[in-house]
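Coordinates in review
Here is how the chains run, residue by residue.
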Amino acid sequence: MNYIQNSELQTIKPGWPGTPLTADGRFVNHEFPFIPRLWDVLKWKWGPQPQKLEKQQDTFRLQTYTDTRFLQQEEDCIVWLGHASFYIRIAGIRMLIDPIFFKVPFVKRYTPPPFPAEVFKDLDYLLISHDHQDHCQKKSVRAVISGNPAITVLTGLRMETLLRQWIGNTKLQTAGWYQQYHTPAPLQIYFLPSRHWSRRGLNDTNKRLWGAFVLKSENKTIYFSGDTGYGDHFKTAHILFPHIDVAIIGAGAYKPEWFMSPAHISPANAVIAANELMAKVLIPMHYGTLDLSDEPVGEPLRELQRMQQEGLLHGSLHALQSGEVYTGW
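So, here's what we can say about the structure. (Residues numbered from 1 in each chain as written. Predicted model: local features only at pLDDT ≥ 70, side-chain atom pairs only at ≥ 80, totals over all residues. Heavy atoms only, no water.)

Thoughts on helix α4 (residues 160–167)
Cut-off, in case you're wondering: Burial classes follow relative accessibility: with a 1.4 Å probe on protein chains only, a residue under 20% of its type's maximum area counts as buried, one over 50% as exposed, and anything between as partly exposed. Secondary structure follows DSSP: runs of H or I at least 4 residues long count as helices, runs of E at least 2 residues long count as strands, and numbering of each begins at the N terminus. As used here, the arc is the angular range of directions from the helix axis to the C-beta atoms. Contacts are assigned to residue pairs that have any heavy atoms within 4.5 Å of one another.
Those residues of α4 lying buried are Leu162, Leu163, Trp166 and Ile167. One face of α4 carries all of its buried residues, which in axial projection span an arc of 100°. α4 presents Thr161 and Gln165 as exposed residues on the side facing more than 90 degrees away from its buried surface. On its buried side, α4 packs onto α3 (138–147), β8 (152–156) and β9 (171–175). Just downstream of α4, Gly168 is the residue with a positive phi angle, here 60°.

With respect to the sheet that holds strand β5 (residues 86–90)
Rule in force here: A strand pair is defined by DSSP finding two or more bridges across the two strands. Under this scheme, a helix contributes an axis fitted over its contacting stretch, all axes are lines through C-alpha atoms, and angles between N-to-C directions fall in the 0 to 180 degree range.
Read from one edge to the other, the open sheet built from seven strands follows the order β9-β8-β7-β6-β5-β4-β17, with strand pairing classed as mixed. If you trace the sheet from one side to the other, it starts and ends with β9 and β17 (325–326), each paired once. Each of β8 and β9 touches α4; the most contacted strand, β9, lies at about 170° to it.

Remarks on the environment of Gln179
Put simply, the rule reads: For the purposes of these results, a polar contact is taken to be a pair of N or O atoms within 3.5 Å, where, inside protein, one atom must be able to donate a hydrogen and its partner to accept one; residues adjacent in sequence count only when each atom of the pair is a side-chain atom.
As for its position among the elements, Gln179 is in strand β10 (residues 179–180). The sequence separation of Gln179 and Asn6 amounts to 173 residues, and the corresponding C-alpha distance is 8.0 Å. If sequence neighbours within four positions are ignored, Gln179 has contacts with Gln5, Asn6, Leu9, Gln10, Thr11, Ile189, Tyr190 and Phe191. Within polar-contact distance, the side chain of Gln179 engages the backbone oxygen of Leu9 at 3.2 Å. In terms of polar contacts, Gln179 uses its side chain to reach the side chain of Thr11, at 3.3 Å.

Here's the deal with the pattern of salt bridges
Note the following rule: Salt bridges, as used here, are contacts in which a Lys or Arg side-chain nitrogen is within 4 Å of a carboxyl oxygen on Asp or Glu.
Under the defined criterion, the tally for this structure stands at 13 salt bridges. Between Asp131 and Arg208 there is a salt bridge, with the nearest N and O atoms lying 2.9 Å from each other. Residue Asp131 is located in the loop between β7 (125–127) and α3, and its partner Arg208 is located in the loop between β11 (188–192) and β12 (212–216); the two are separated by 77 residues in the primary sequence. The exposure classification of Asp131 matches that of Arg208, with both residues buried.

Some points on the pairing of β9
Regular strands place their side chains on alternate faces of the sheet. Note the cut-off: Here is how to tell: hold the view so the strands point away, follow the path from the first strand over the helix to the second, and if it runs clockwise the crossover is right-handed.
Buried residues dominate β9, accounting for four of its five residues. One ladder, built from five bridges, connects β8 with β9; its direction is parallel. Following the sheet pairing, Leu154 is matched in β9 by Gln173. After leaving β8, the chain enters α4 and then returns to the sheet as β9, a path that is right-handed.

A short note on α3
Looking only at α3, the buried set comprises Ser140, Val141, Val144, Ile145 and Gly147. Elements in contact with the buried residues of α3: β6 (93–97), β7, β8 and α4.

Things to note about the nonpolar core
For clarity, the cut-off: Take the buried residues of types Ala, Val, Leu, Ile, Met, Phe, Trp, Tyr and Cys, join any two whose side-chain atoms come within 4.5 Å, and each joined set is a nonpolar core.
Ranked by size, the top nonpolar core spans 68 residues in total, and within it Ile88, Met95, Ile189, Tyr223 and Ile248 carry the most contacts. In terms of residue count, helix α7 (residues 267–277) provides more of this core than any other element does, five residues in total. Apart from residues no more than four positions distant in its own chain, Ile88 is found in contact with Cys77, Ile78, Ile93, Arg94, Met95, Ile97, Leu215, Ile222 and Ile248. One finds Phe70, Leu71, Phe101 and Leu162 within the second-largest nonpolar core, a separate group that totals 26 residues.

Quick look at the packing of α3 against α4
What counts is decided by this rule: An angle counts as roughly parallel when it lies under 35 degrees, as roughly antiparallel when it exceeds 145, as roughly perpendicular when it falls between 65 and 115, and as oblique in every other case. Handedness of each helix crossing follows the sense of rotation of the near helix against the far helix: counterclockwise by less than a right angle gives left-handed, clockwise gives right-handed. Ten residues, namely Ala, Val, Leu, Ile, Met, Phe, Trp, Tyr, Cys and Pro, are considered nonpolar, four, namely Asp, Glu, Lys and Arg, are considered charged, and the remaining ones, Gly among them, are considered polar.
Interhelical geometry of α3 versus α4 gives an angle of 55° and a closest axis separation of 9 Å. Considering their axes alone, α3 and α4 lie oblique with respect to each other. Seen from above, α3 lies across α4 with right-handed handedness. Along its contact with α3, which presents Lys138, Val141, Arg142 and Ile145, the element α4 presents Gln165, Trp166 and Ile167. Along the lines of polarity and charge, the residues of the contact of α3 with α4 split into four nonpolar, one polar and two charged.

Printed below as a string of structure tokens:
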């Protein structure tokens, strides 16, 4: 096994050798090595779907908020744009994470984007967790760059091989796991592991790094899980960041679990992860927007609400609607 990092960035985990890389140059999860197989995809698609009728009959839909007054305000906020897309303002710094403003090919979208890309001006950062089409969309990235020419893109190692052809000379920083980006005070941004994988074409599996983000100001810390299965990276994140105010964690696209668990976390494990992070607030994402899996569209939220009512979640659950603004610090 080889290990690499960005030598220009600080590594924050003591003794961490760098992000693991196989001999043929592919990134690998440090705890659960995983390469997606076509056979497993076919097995899923051709296999039983015990909740098919329940999914068809599920009438749950996210509400859509379209009020843009938050853009003219200054207080710290988190705004869910659907799926894994967020607008975040913290310590006066404005950013988008994994924006998807346009249709994802071959994927049904239950809830439209609450705002067009054009409303987001004067952004400081664009954060991209990994290269999958439902997180890293060429048209959306170009729209954000077009409206924010002074923006800086923050992402994982070797993502420049994909992004440079879209963003031209826009400022770009790529980090390995447990590395800190160069950002001016008062905001610190870090790239941490997630349990996932990457691919855009036929021969580039795991050639670009995936991960999570931590945003830390003088008085607030936000954890964004990215796409992830469950693993020990949540416990490690708590050791490094013991005072997480908000954990944004995926809770959808998790069935069938035999197929999805290496890449997407279930509601039950999202609660465990939030508890291990000792997060004060859990904001769930990655559900209710795109049809990517077998569970009914509203099941992730219903499961999270059930676990909260049973006292299984140590912090509080704050499920946003699409376009809703969170300021409940």
